[in-house]
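Report on the structure
These are the residues of each chain, in order.
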Amino acid sequence: MSTSTVTDVLPSYACDEWWTPAAEAKATPVYDASTGEAIGSVSAEGLDLEAMIHHARTVGQKNLSELTLHERALILKQLAQYLQANREEMDRLNLTTGATARDGMIDIDGGIGTLYTFSSKGRRELPNSNVIEEGPVEVLSRDGSFLGTHIMQALPGVVVQINAFNFPVWGFLEKFAPAFVAGMPTIVKPATPSAQLTVEVVRQMINSGLLPKGSLQLITGSARTVIDHLDYRDIVAFTGSASTAHALREHPNVTRGGVRFTTETDSLNAAILGTDATEGSPEFEAFVKAVAVEMTAKAGQKCTAVRRIFVPKGLKGAVVKALGAELDKRGKVGDPRVEETRMGALVSMDQLKDVRGAVQKLIDAGAKVAYGTPESADDALVAEGGKVEDGAFMSPVILDFEDAETPELHSVEAFGPVSSIAEYEDAASAVRLAAMGEGSLVATVCSNNPEIVAEVSKGIAGHHGRVHVLNRDTMKTSTGHGSPVPHLIHGGPGRAGGGEELGGVRAIKHHMSRTALQGSPDMLTAVTGVWHTGAEQRLAGDPEFGGSDKYRHPFRIPLNELRVGDGFASGLRKATRQEITDFANTTGDTFYAHTNDEAAEANPFFPGIVAHGYLLVSWAAGLFVEPKPGPVLANYGLENLRFITPVGIDDSVRVTLTAKRITPRVTDEYGEVAWDAVLHNQNGDIVATYDVLTLVEKENTTYKDWK
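Numbering of residues starts from 1 in every chain and runs along the sequence as written. Under the rules for a predicted model, residues below a pLDDT of 70 receive no local features and side-chain atom pairs below 80 are neither given nor counted, while totals for whole chains, interfaces and linings still include all residues. Side-chain metrics rest on all non-hydrogen atoms present in the structure, leaving aside hydrogens and water.

Thoughts on the sheet that holds strand S24 (residues 512–519)
In a beta sheet, neighbouring strands pair by backbone hydrogen bonds and run either parallel or antiparallel. Between any two strands, at least two bridges found by DSSP are needed for them to pair. Labels follow the DSSP assignment, with helices taken as runs of H or I lasting at least four residues and strands as runs of E lasting at least two, numbered in each case from the N terminus. The strand order across the open sheet formed by three strands is S6-S7-S24, and the pairing between neighbours is antiparallel. The outermost strands of the open sheet, each flanked by one partner alone, are strand S6 (132–139) and S24. Taken over all neighbouring pairs, the strand axes of this sheet differ in orientation by 20° on average, direction set aside. Note on definitions: angles span 0 to 180 degrees between N-to-C directions of axes, and those axes are lines fitted to C-alpha atoms, for helices only across the stretch in contact.

Okay, here's the thing in structure tokens:
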């Protein structure tokens, strides 16, 4: 790639300031993919990478740690809203990368949507703190005085993203979002050919004023020495070629220094048409459309695009014909600023050269061109006054392999609008062919036969990060073969890099340390913020069972005053035959253990007639509830309910209720409280355990005037 003296340089953002190199620095030009026009240059010559990393570890870590998981997640929602409202320049710059406006929806809207998803999942599924406890707790002593658990906190370092050219927005934001929620600052290094778009996104994020200082920095240009300054506290998240990933992975700071290195690299993804999907079936139609979409979206420059098409023996001709017709319908190739264009340019002339070179390798290995003209794009639609040779235009190409075992079919990736087709004999051979890719991000199995889907999906799962099943039921609702969703993991084994991104809160936890914690119940409670059995309690209620009138009933305490360990201890309530019978008759639950003495006594688990488990839970509510209106607004569920000791006629039960976990909502005037509920019988045996979930006002405002 050529270099020149810096002109119209795209800036970096370092230590909370925009930075550009000296005028005499050498820079790499950035070109419009469709017109060949120089639109700027990049250079990191003179940029102090060590200072950036130190800034992230100190200023960034400190500022992020002053916010909770929920507060950081809420900022993501606000960022998404800001980017959506200020996207005009992003949409314009998207076109300079060769991507169409529709491609921009995948990249820009996909990135913004990922911010929304991680904001929602972070606030809904994680505690409003900076420590996540992973249960269950392990009891390590006979008397319960010594416990063990696991805690997760943000790693004390920085995430360095090294991204590919094909998704300058989504590729950045899908890594940034989980790191930010976890509490790790990010340094992003975009690929040069599309860096202009990432720079604009970062500019808007900084302009929003929402980001804590030090939480986001940007390197525009070469960052070859960045790993020199990283250690076991840090993460490198790389997307790009397998050869570059291999070189980075061999860095001493990775092999010996403990830098966490996650990669997404080459992937020869497959689409497999089931033997039941004959020509004219809904599955045949869905398969053809799905492959055509993957060949043309982002001009085939997607790590998840379909590279290998496997169809049953005898169907190759029909699929090629139908796929060619579908590609014809999708319109012409050309400048995305021209209305008629349906597929834009590749990102650069260098990329066009690489793709054509890969196609030639496949042809040399025995492939025949079944559709398209890989050597030219004479039918390209270009902007007025433009020339085909000025832009990185390439027509879609289908390559036909007569021999499905050809090694190059399973090893050479043409990273553009190119797919190869071959036939398979049966489900077992389809599995074997898909696995010959030696690790892929995704495969589609298109069939309406459950047995075929089960055999193929289970057969290829160990070789793929995701299996996408397509049939008549999902053809209109599927998010698509090539669209990773933030809820599910993205990554793949082997050639695909062996990394894992996304996956909802899993991605957030990738940016956190997991530490085993041992100690007394009080000490574990202090560290985690979650009450543990055996820790200090402040119980109102019956003094015979640990309660005291010096404490308020916990349902009278607003969230801002409630503390873990606050609770209530009830007295005993006796179970009578009449109440058990009435409950059975009223509910219709006349199971023999509650209604038939002889049958109940014959059951090895019961002493005779026993109370219904749900009757006991109802009694427990009656024992601990505070009937007066107050800060507790609603009961919204139970978790982890277990019945342990049966309660027979004339046995008694009592309940101890303890505030276990308190989660204020950052957007509302109330929060959630999980209460540890334990039922004992008259002998002190545990009858049942569960968590009661309530919504509690932060301040007692709704019923403040009620007596």
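Considerations on the packing of helix H12 (residues 427–435) against helix H13 (residues 450–460)
The N-to-C vectors of H12 and H13 enclose an angle of 25°; their axes lie 9 Å apart at closest approach. Viewed along their axes, H12 and H13 adopt a mutual orientation that is roughly parallel. Considering the relative orientation of H12 and H13, their crossing is right-handed. Residues Ala427, Ala428, Val431 and Ala434 of H12 touch H13, and the partners they reach there are Glu455, Val456, Gly459 and Ile460. Of the residues assigned to the contact of H12 with H13, the class counts are six nonpolar, one polar and one charged. With respect to orientation, any angle under 35 degrees is reported as roughly parallel, any angle over 145 as roughly antiparallel, any angle of 65 to 115 as roughly perpendicular, and every other angle as oblique. Helix crossings get a hand from a simple test, with the near helix turned counterclockwise from the far one by less than a right angle marking a left-handed crossing and a clockwise turn marking a right-handed one. Note on contacts: a residue pair is in contact if any heavy atoms of the two residues lie within 4.5 Å. Amino acids are sorted into nonpolar (Ala, Val, Leu, Ile, Met, Phe, Trp, Tyr, Cys and Pro), charged (Asp, Glu, Lys and Arg) and polar (every other residue, Gly among them).

A look at the pairing of strand S7 (residues 147–154)
Note that S6 and S7 share five bridges and pair antiparallel. Opposite isoleucine 132, over in S7, you have methionine 152 as the bridge partner. Of the strand pairs in this sheet, S7 and S24 are connected by eight bridges, and their pairing is antiparallel. Looking across to S24, one finds that leucine 147 is bridged to glycine 519.

Some thoughts on the packing of aromatic side chains
Given two aromatic rings, one states the distance between the centres and the angle between the planes to describe the pair. In this analysis, rings of Phe, Tyr and Trp, with Trp reduced to its six-membered ring, are considered paired at centre separations within 6.5 Å, and the interplanar angle assigns stacked below 30 degrees, edge-to-face beyond 60, and tilted for intermediate values. In the structure shown here, the tally under the stated rule is nine aromatic pairs. Considering the side-chain rings of phenylalanine 591 and tyrosine 592, the 4.5 Å spacing of their centres and the 40° angle between planes classify their relative orientation as tilted. By relative accessible area, tyrosine 592 is classed as partly exposed at 33%. Three or more aromatic residues link up through ring pairs in this structure, and these residues are Phe172, Phe176 and Phe180. Here the term buried applies to any residue with accessible area under 20% of the maximum for its type, exposed to any over 50%, and partly exposed to those in between, with areas from a 1.4 Å probe on protein chains only.

A closer look at the sheet that holds strand S13 (residues 269–273)
The seven strands lie next to each other as S17-S18-S19-S14-S13-S20-S21, forming an open sheet whose pairing is mixed. With one partner strand each, in any of the chains shown, strand S17 (368–371) and strand S21 (464–470) form the two edges of the open sheet. Geometrically, the sheet is characterised by an average inter-axis angle of 25° between neighbouring strands, direction not taken into account. Bridge count for strand S18 (residues 397–400) against strand S19 (residues 418–424) is four bridges, and the pairing is parallel. Paired with valine 397 across the two strands is valine 418, which belongs to S19.

Some words on the UniProt feature "domain: MaoC-like" (unreviewed entry) in the protein chain
In the numbering adopted here, UniProt assigns the feature "domain: MaoC-like" (unreviewed entry) to residues 573–662. With 37% helix and 28% strand, the stretch residues 573–662 has end C-alpha atoms that lie 29 Å from each other. UniProt positions are given in the numbering used here, feature names are shortened, and annotations may be inferred rather than shown by experiment.

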